[in-house]
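# Structural characterization, general
The primary structure of each chain is shown beneath.
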Amino acid sequence: PPGKATLYGSVTRRGLSSDGVPDIVASEGFVVGEVTKKSILISCPHENVSTKFLAPYTSFSRIHQKSITCLDISSGGGLGVSTSTDGTMKIWQAANGEIRVRTSGLDVFVTTTCHCHFAVTGDSGLELSWETVCFLCPSERSVCCHAGILDTAIVDRGRNVLSCSRDGTARLWDCGQSSCLGTVADCGSPVNGIAVGAADGSLNLGSPENPPSEREVGTEGKILLLAREDKKLQGVGLQSRQPVFVFIGSDAFNCCTFLSSTYILAGTQDGNIYQLDVRNTNAPIQVIHRSGAPVLSLLPYRDGFIASQGDGTCFIVQQDLDYVLDLTEADCDPVYKVASWEKEIYTCCRDGIVRRYQLSDL
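Rules and cut-offs
- Residues numbered from 1 in each chain as written.
- Predicted model: local features only at pLDDT ≥ 70, side-chain atom pairs only at ≥ 80, totals over all residues.
- Heavy atoms only, no water.
- pLDDT = per-residue confidence, 0-100.
- Contact = heavy atoms within 4.5 Å.
- Core = buried A, V, L, I, M, F, W, Y, C linked by side-chain atoms within 4.5 Å.
- Buried < 20%, exposed > 50% of the residue type's maximum accessible area, 1.4 Å probe, protein only.
- Helix = DSSP H or I, 4+ residues; strand = E, 2+ residues; numbered from the N terminus.
- Pairing = 2+ DSSP bridges.
- Axes fitted to C-alpha atoms, helices over the stretch in contact; angles between N-to-C directions.
- Salt bridge = Lys/Arg side-chain N within 4 Å of Asp/Glu carboxyl O.

It is worth spelling out the confidence of the model for the protein at this point. Of the residues in the protein, 87% have a pLDDT of 70 or more, and the chain-wide mean is 87. Confidence drops under pLDDT 50 across residues 107-114; counting only partners more than four residues distant or on other chains, this segment forms 23 contacts. Every residue in residues 120-145 scores below 50 in pLDDT, and together they form 77 contacts with partners more than four places removed in sequence or on other chains.

Moving on, we get to the nonpolar core. Core analysis: the largest hydrophobic core is formed by 18 residues, its most contacted members being I223, L225, L233, F245, F253, C256 and I264. Breaking this core down by element, the ones donating at least two residues are β16 (222-228), β18 (243-248), β19 (253-258), β20 (263-268) and β21 (272-277). Counting 17 residues, the second largest nonpolar core, distinct from the first, contains L41, Y301, C314 and C349.

Attention now goes to the sheet that holds strand β4 (residues 39-44). Across the sheet, which stays open at both edges, the 7 strands sit in the order β3-β4-β5-β26-β25-β24-β23 with mixed pairing between neighbours. Of all strands in the sheet, those bounded by a partner on one side alone are β3 (31-35) and β23 (295-301). Mean inter-strand twist for the sheet, computed between neighbouring axes without regard to direction, equals 20°. The pairing of β4 with strand β5 (residues 49-54) spans 6 bridges and is classified as antiparallel. Among the inter-strand pairings, S43 is bridged to a residue of β5, identified as S50.

Tallying each qualifying case throughout the model produces 12 salt bridges. A salt bridge links D174 to R215; the nearest nitrogen and oxygen atoms lie 3.0 Å apart. On the criterion of sequence distance, the pair formed by D174 in strand β13 (residues 169-174) and R215 in the loop between β15 (191-198) and β16 is long-range, its members being 41 residues apart. Using a relative accessible area of 3% as the deciding quantity, one classes D174 as buried. Linking R279 and D277 is a salt bridge whose minimum nitrogen-to-oxygen distance equals 2.7 Å. Of the residues examined, R279 reaches a relative accessible area of 47% and is grouped as partly exposed.

Here is the structure:
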């Protein structure tokens with residue numbers, strides 16, 4: 001529980017039932033609840049806390065040979081895309097990990113610092129967003145010139161994309177002409193993560209100093225979140241390029257995301273997850289702290305969110321569950337990214353394994 005000492009205990013398997021479900025007992029102070037072949041519910045009645053541990057439905061260990069730094073799942077759930085420190089980007093069948101498309105010869109440093117995304121529609125590998133080509137594949141058409149890209153985001157259906165960098169800037173790009181439409185923000189500090197979303201109607205996003213380019217599509221009414229190394233989470237009007245708010249956290253911000261047009265999340269290097277209301281960022285709605293490990297990714301999921309950390313923990317918080325759901329088997333290796341499709345969740349890890357979890361039975 002927040003603000004209290006960590007609770008330690010152990011579980012022991014005494015045997016298996018006739019249908020293959022393990023017989024589990026817990027040490028003093030803990031109670032074993034529902035047990036299936038893939039999950040164990042553990043509670044501590046004295047502290048009124050519960051966690052369900054969920055094992056992966058399947059694991060894919062042959063997609064990459066080294067650490068997998070990012071992944072995404074197509075909107076139809078059929079394909080996955082991932083990048084690795086082995087210098088490759090691969091598109092694979094989400095159901096079985098079978099490789100469909102592979103690229104090689106990518107610069108390893110660039111691959112480790114950039115993200116890959118599917119565009120909004122379909123399962124075709126041709127619908128990978130342009131940012132994958134621009135920021136991952138060295139070519140004469142690759143015009144991205146600001147060094148150390150740390151995160152990317154797609155605007156609407158992908159005609160424009162955003163990037164953030166170690167040089168402290170966030171920039172807007174035109175996919176069709178492979179050109180930079182402008183610098184949205186220049187923070188003077190590395191920007192580790194970004195997210196773009198529709199702004200709450202009560203927010204004043206400001207007005208652009210100059211009329212937007214005709215190549216700028218879908219930026220009106222959007223707010224850009226910047227997770228900064230200097231402990232600041234900043235909101236910027238995407239079209240106006242005007243600052244909306246600045247929130248100061250406990251440590252460097254690594255990632256951020258939208259829960260809705262009103263509520264946002266951001267994770268820090270010292271393990272804090274801040275939930276904020278964009279209409280009033282003077283104080284967080286809540287601060288979630290599971291461990292001191294860096295929060296590496298945040299993903300909205302149903303009526304809650306999924307978070308992954310540098311100690312291998314990956315957990316789901318949902319309003320309709322009276323327990324936290326922990327995804328197991330990362331085994332202390334950092335979980336760099338999480339992606340989801342309906343009731344399936346995929347994680348990528350430093351150990352080079354893609355893990356697939358199914359929540360259909362929960």
